[in-house]
Structure formats: structure tokens, C-alpha cells
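# Coordinate inspection notes
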Amino acid sequence: MPTTRDQLLAFYETLLSHFGPQNWWPGDTPFEVMVGAILTQNTNWKNVAKAIANLKQADLLDPRRLAQLDHDRLAALIKPAGYFNIKAKRLRNFLNWFIDRFDADVTFAQSLDTQTLRAELLTVNGVGQETADSILLYGLDKLIFVVDTYTCRFLWRHHLIDEDIDYAYVQELFTDALPAEVATYKEYHALLVALGKTYCRRRPACANCPLSRFPHRLEADYMGSL
DNA sequence: GACCAGGCACATC
DNA sequence: GATGTGCATGGT
């Protein structure tokens, strides 16, 4: 009987050889990554890319310039990402925190230890665990594993979790299994997104799934939000 | 037209 | 503490 750790490592090797390195996150700068992390909440990345393109085109992809925009202008620019009113607020909350706490200095933020920084991020209204961890891992190169719906769906599909999903528990599964390397954390999560986008949406479409040789739930097992 | 997409906060029971 | 709901565009 393979351990969870064995399975997670085997999945990683399989996904990596199938998809190749993903070199995530899409974004030219840490700041762009952080903005993207907020804009992508419950939203297709393609729409987020449009919003970010708008910000770039207006030469506003900068913490201070962005923070100075009035709500309506900001909301209009990020409109393609959906939920534009709420995301304008959330983005502003984040910007204010980043400026007030770190003087908008990425290096300064990076100097804090990961858990302290995470706890502070989570106090920002609009930043939940996934968003915080995306900012930490992909924006600030901190060692923290990102758990998203794809991750939970994948674990559930392969019998590694049940219905009730505890974020910290899922995160721990990966933390315990993987070498403590930022690059590996980034790559694994990116590969799970590639898997989710290509093969494993809500309905099983696993005929050509690279993980189909591993034990997985069948169509009849499908229920609920996963 | 229905369903989904790299969540989160808040109200209500 | 668990469950439900609003937020909203764009692709399939």
C-alpha cells in the first residue's frame, strides 16, 4: 500500500513528464503576480489577463499609482475580470497594506518570515488563504504550498481526501510529501492547474488523463461541488 | 441558455 | 459552527 507521500511524488513525476515544466506564475514582476492573485479569485485567467493588460496599457501597474485611482476608474479598468466592484475594493485594501506596512517594497516584505507574513496578509479584507499563499509563493518566493479547487478536486478524485476539505490539512499533505523547495511547490501547483484545465473538470473526462493509470473515482462516485 | 472559472466575506440560522 | 448567498464578466 503506497503512502500518500509516495502517491503525491509519483503524481508529480507523471504530471511533469506529461506536461513539462510550467514555469508559473504568468506575470512579469512580483507586483503583477500579486495583483493577478486578487483578480483571479473565482475567475478564469483569460479574463484576468485582459484586466491586467488594461492596467499596463494605462501605465498603472504600480502600487502607488494604482492606490491613488478612484474606485470607479479602477473598477472600469479591471472590469473584464468580473466582480469588478468587490475586486476594486479588495485590490485597494491590499495596496494600502502593502504601501503602509512595507512602503511597497517587495524586498522588505520578503524579509519577514513566511508565517508572520501570511498572518498579516490574512488580516487584509479580501485576502483569504489561497490568495495569500499565491502571493507568498509566486509573488514573494516564500515556501508555502497553494491549495485551490483544482488541488482539492484532484485529491478527492484520487481518494486522498473526502468531502469536507480543510485547507490546512490539504496543505500539510503536500508539505509533508515534497522537498522543501520553492521551485517544486510552484511547479506542482502549476501542474495541477494544467491537469485541471485539460482533463479533470467537474465531470470525469479521464480517457487521456496522464493519471488515469492511478486509482481514481468513477463517474458514479461524483457528487457535490467537487 | 446553462454552466463554469486558479474565492471571499458576510448574513443568518 | 455550518450553511447559504452576493459578487459579474466572458468562454464553451
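Residue indices follow the written sequence of each chain, beginning from 1 at its first position. Think of it this way: whatever chain is written first is A, whatever ligand is written first is 1, and the rest follow in order. In keeping with the model being predicted, local features are shown solely for residues with a pLDDT of at least 70 and side-chain atom pairs are shown and tallied solely at 80 or more, while totals for entire chains, interfaces and linings include all residues.

This brings us to the overall build of chain A. When helices and strands are counted, chain A shows 12 helices and 0 strands. By the criteria applied, helices consist of DSSP H or I runs no shorter than four residues and strands consist of E runs no shorter than two, each listed in order from the N terminus. Along its sequence from the N terminus, chain A presents helices and strands in the succession α-α-α-α-α-α-α-α-α-α-α-α. Here chain A has a C-alpha radius of gyration of 18 Å; the compact-globule value for 226 residues is 17 Å, and the two agree. Structurally, chain A occupies a C-alpha span of about 55 × 35 × 30 Å along its principal axes. Working definition of burial: number of other C-beta atoms within 10 Å of the residue's own, with buried at 20 or more, exposed at 12 or fewer, and partly exposed in between, all C-beta atoms being placed from the backbone. Taking all 226 residues of chain A together, 30% fall into the buried category. For the radius of gyration, the atom set is restricted to C-alpha positions; the globular benchmark scales as 2.2 Å times the number of residues to the power 0.38.

Any residue qualifies as near a molecule or strand once its backbone-derived C-beta atom lies within 6 Å of it. Around DNA strand B, the structure places 26 residues, and the nearest of them are Q41, N42, G128, T131 and T149. Elements represented by at least two residues in the surface near DNA strand B include exactly helix 9 (129–139), helix 10 (149–157) and helix 12 (182–198). With 4 residues, helix 9 is the largest single contributor of residues to the surface near DNA strand B. Looking at the surface near DNA strand B, its residues break down into 8 nonpolar, 13 polar and 5 charged. Ten residue types, Ala, Val, Leu, Ile, Met, Phe, Trp, Tyr, Cys and Pro, are classed as nonpolar, four, Asp, Glu, Lys and Arg, as charged, and the remainder, Gly among them, as polar.

Another point: the domain arrangement of chain A. The domain limits used here are those given by an automatic or database domain assignment. Split into domains, chain A comes out as domain 1 (4–23 + 146–221) and domain 2 (30–139). Of note, the centres of domain 1 and domain 2, computed from C-alpha atoms alone, are 26 Å apart. Taken together, the contact between domain 1 and domain 2 spans 7 residues of the former and 6 residues of the latter. Of all the elements, helix 12 adds the most residues to the side of domain 1 that touches domain 2, at 3 residues. Looking at side-chain class alone, the side of domain 1 that touches domain 2 contains 5 nonpolar, no polar and 2 charged residues. We call two residues in contact when their backbone-placed C-beta atoms lie within 7 Å.

In this model, W24 is joined to W25 through a cis peptide bond whose omega is 5°. Residue placement: W25 occurs in the loop between helix 1 (4–19) and helix 2 (30–39). Residue Y83 is not a glycine yet carries a positive backbone phi of 45°. Notably, A104 is not glycine yet its phi reads approximately 55°, a positive angle. Within the secondary structure, A104 is located in the loop between helix 6 (84–102) and helix 7 (106–110).

Before going further, it helps to spend a moment on the nonpolar core. By our criterion, buried Ala, Val, Leu, Ile, Met, Phe, Trp, Tyr and Cys residues that link up through C-beta atoms within 7 Å make up a nonpolar core. If you look at the biggest cluster of nonpolar residues, it comprises 50 residues, and the most contacted ones within it are L39, A51, I78, L91, F94, I135 and L136. Residue contributions to this core peak at 7 residues, all from helix 12. Formed jointly, this core draws a minimum of three residues from each of two domains, domain 1 (4–23 + 146–221) and domain 2 (30–139). Not counting residues up to four positions away in its chain, the partners in contact with L39 are V48, A51, I78, A81 and K87.

It is worth spelling out helix 12 at this point. Given the number of residues in a helix, its expected span is that number minus one, multiplied by 1.5 Å. Over its 17 residues, helix 12 extends 24 Å from the first C-alpha to the last, a length consistent with the 24 Å expected when each residue adds 1.5 Å. Taken as a whole, helix 12 has its buried residues at Y185, K186, E187, Y188, H189, A190, L191, L192, V193 and L195. Elements in contact with the buried residues of helix 12: helix 1, helix 9, helix 10 and helix 11 (167–177).

In the vicinity of DNA strand C, the contacting residues are N42, T43, N44, K46, N47, K79, P80, G82, Y83, F84, N85 and I86. For the surface near DNA strand C, the secondary structure elements donating two or more residues are helix 3 (45–57) and helix 6. No other element matches helix 6, which puts 3 residues into the surface near DNA strand C. The class makeup of the residues in the surface near DNA strand C is 4 nonpolar, 6 polar and 2 charged.

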